Amino acid sequence: MNHQWTDRLSEYLDGELMSAERDALETHLAGCAHCRDTLAELRAVVARAQSLENRAPAADLWPEIHARLTVRRRFSLTVSQLLAASIALVVLSGGGVWLALRDGSGTSDPTMAAFPQLVAPAGTPVAWRARTDMAVAQLEETLAQNESRLDTATVRVVRQNLGIIDRAIEKAQRALQADPGSAYLNLHLAQTMRRKIELLRRANALAVAES
Amino acid sequence: MPRQVLEADVALAASGDADAFERLYRAHSARVHSLVRRMLDGDEADDVTQDVFIRAWQKLGTFRGESAFGTWLHRLTVNVVLARRKSVGVERGRFITDDQPLERATGRRETVELSMDFEEALARLPDGARQVFVLHDVEGYRHEEIARMLGVVPGTSKSQLHHARMALRRYLDR
């Protein structure tokens, strides 16, 4: 086998050799059965490639696609709106944790000095939970509207993690029903809610980056 | 499906009609999924096909009708696949350096030869060589276009195509 020519057979087949090279290769082919056979095989590979049949996916992907089309034209937040909403909700979540921990004393916390609106009284665990639930719901709605900007693998990971967090929240809430005054359980629930908000915020930020 | 019907569905889908977009999905999903499956690992094909149609829905407003919708969607598919390739980062031995890439992939020549059909053999080529082969021989792109898309020189595209063809010769009848 003459590798010098064998390696040029595809270019010859595709009509990409200069005329002098093509003439030289054709001279070689006339006397080399091996290269003629190889050329015939390469020609058959090209024909096979062009005759490959398309096959529909085994599973119907439309329901998942349709679910993610969402309301492209009905509702669309601007980038700055999305980021502002995400940041505000994280701050609100942080305030919720702080309010849950401050034990109703009204003691000021230097780390919250930049957010005086969160240091307002009336911060009972019930109140911050109501506000945090509302914030989570809003952030979830925002993500639902913008989820189509994320790729499928990312959506799956986000959903899996949200599922894990939701199960943890549910457990904490059940435990709190039995022991409402537990500082540990209140803190645990607040931290878990914060994780959820942070995940939603990150997913929204990613959606913004992908848009 | 008649071309005029598809064109009407493209216009309807661009205005937000999800039913029309479903008809476009039904008409084009096999071609898109097959292209994705041949360019990437098979287990990614469903996810990436979804991404292609979601991206198409988002970008339908930019479709000007200068080419057929199928051509536009095909190019979009290639772009999504190549973006996926970049985002995943690690590729399986990207290019072929000899004529036995399939045997090296498994280390069991006889078993491989006996069990694989042409599409399976294609799927086992190193990623870069497989993508060159699919883009050139299956999809009809030219080496200059492929080189631009993959970020290589045309000579690399040509040599990888040749190696891929040489490797696939023995799977012609399967």
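All values reported here derive from a predicted model rather than from experimental measurement. (Residues numbered from 1 in each chain as written. Chains lettered and ligands numbered in written order. Predicted model: local features only at pLDDT ≥ 70, side-chain atom pairs only at ≥ 80, totals over all residues. Heavy atoms only, no water.)

Participant: Hey, could you run me through the environment of Gly155(B) in this one?
Facilitator: Residues and elements named next belong to chain B. Looking at where glycine 155 falls in the secondary structure, it is placed in helix H10 (residues 154–168). For glycine 155, a relative accessible area of 43% translates into the label partly exposed. Considered as a pair, glycine 155 and histidine 143 are 12 residues apart in the sequence and their alpha carbons are 8.2 Å apart. (Helix = DSSP H or I, 4+ residues; strand = E, 2+ residues; numbered from the N terminus. Buried < 20%, exposed > 50% of the residue type's maximum accessible area, 1.4 Å probe, protein only.)

Participant: Mind showing me how you'd approach the pattern of salt bridges here?
Facilitator: Note that side chains of opposite charge can pair when their charged atoms are close. All names here are of chain A. On inspection of all chains with the given rule, the structure shows 22 salt bridges over all chains. Of the charged contacts, one joins lysine 196 and aspartate 166 as a salt bridge, the two residues approaching to 2.5 Å between their closest N and O atoms. Within this pair, whereas lysine 196 is found in helix H9 (residues 183–210), its partner aspartate 166 is found in helix H8 (residues 152–178), the two being separated by 30 residues in sequence. A relative accessible area of 31% places aspartate 166 in the partly exposed class. Salt bridges linked by common partners bring Arg8, Glu11 and Glu21 together as one network. (Salt bridge = Lys/Arg side-chain N within 4 Å of Asp/Glu carboxyl O.)

Participant: How do you make sense of the packing of aromatic side chains when you look at a structure like this?
Facilitator: Aromatic ring pairs are described here by two measures, namely the spacing of the ring centres and the angle between the planes. All names here are of chain B. Per the counting criterion, the structure on display carries nine aromatic pairs over all chains. With 5.0 Å between their ring centres and 75° between their planes, tyrosine 25 and phenylalanine 53 make a pair best called edge-to-face. Of this pair, tyrosine 25 sits in helix H2 (residues 18–39) while phenylalanine 53 sits in helix H3 (residues 45–59), and the two are 28 residues apart along the sequence. As far as burial versus exposure is concerned, tyrosine 25 and phenylalanine 53 are alike and both buried. (Phe/Tyr/Trp six-rings, centres within 6.5 Å; stacked < 30°, edge-to-face > 60°.)

Participant: Looking at this structure, how should I read the interface of chain A and chain B?
Facilitator: If you look at the interface, chain A gives 41 residues, while chain B gives 44 residues. In total, about 3700 Å² of surface goes out of reach between chain A and chain B, with carbon and sulfur atoms giving 56% of it. Here chain A and chain B share five salt bridges between them. Between chain A and chain B we count 14 residue pairs in polar contact (both at pLDDT 80 or more) in total. Of all the secondary-structure elements, those providing two or more residues to the side of chain A that touches chain B are helix H2 (9–13), helix H4 (33–50), helix H5 (62–69) and H8 of chain A. (Contact = heavy atoms within 4.5 Å. Buried area = accessible area lost by both parts, 1.4 Å probe. Polar contact = N/O pair within 3.5 Å; in protein donor to acceptor, adjacent residues only side chain to side chain.)

Participant: Looking at this structure, how should I read the packing of H5(A) against H2(B)?
Facilitator: The relative placement of two packed helices is expressed as an angle between their axes plus a distance between the axes. The interhelical angle for the contact between H5(A) and H2(B), taken along N-to-C directions, is 145°, at an axis separation of 11 Å. Between H5(A) and H2(B) lies a crossing of right-handed hand. Here Trp62(A), Ile65(A), His66(A) and Leu69(A) of H5(A) lie close against H2(B), whose contacting residues are Ala18(B), Phe21(B), Glu22(B), Tyr25(B) and Arg26(B). Across the contact of H5(A) with H2(B), the residue classes tally to six nonpolar, one polar and two charged. (Axes fitted to C-alpha atoms, helices over the stretch in contact; angles between N-to-C directions. Left-handed = near helix turned anticlockwise from the far one by under 90°. Nonpolar A, V, L, I, M, F, W, Y, C, P; charged D, E, K, R; others polar.)

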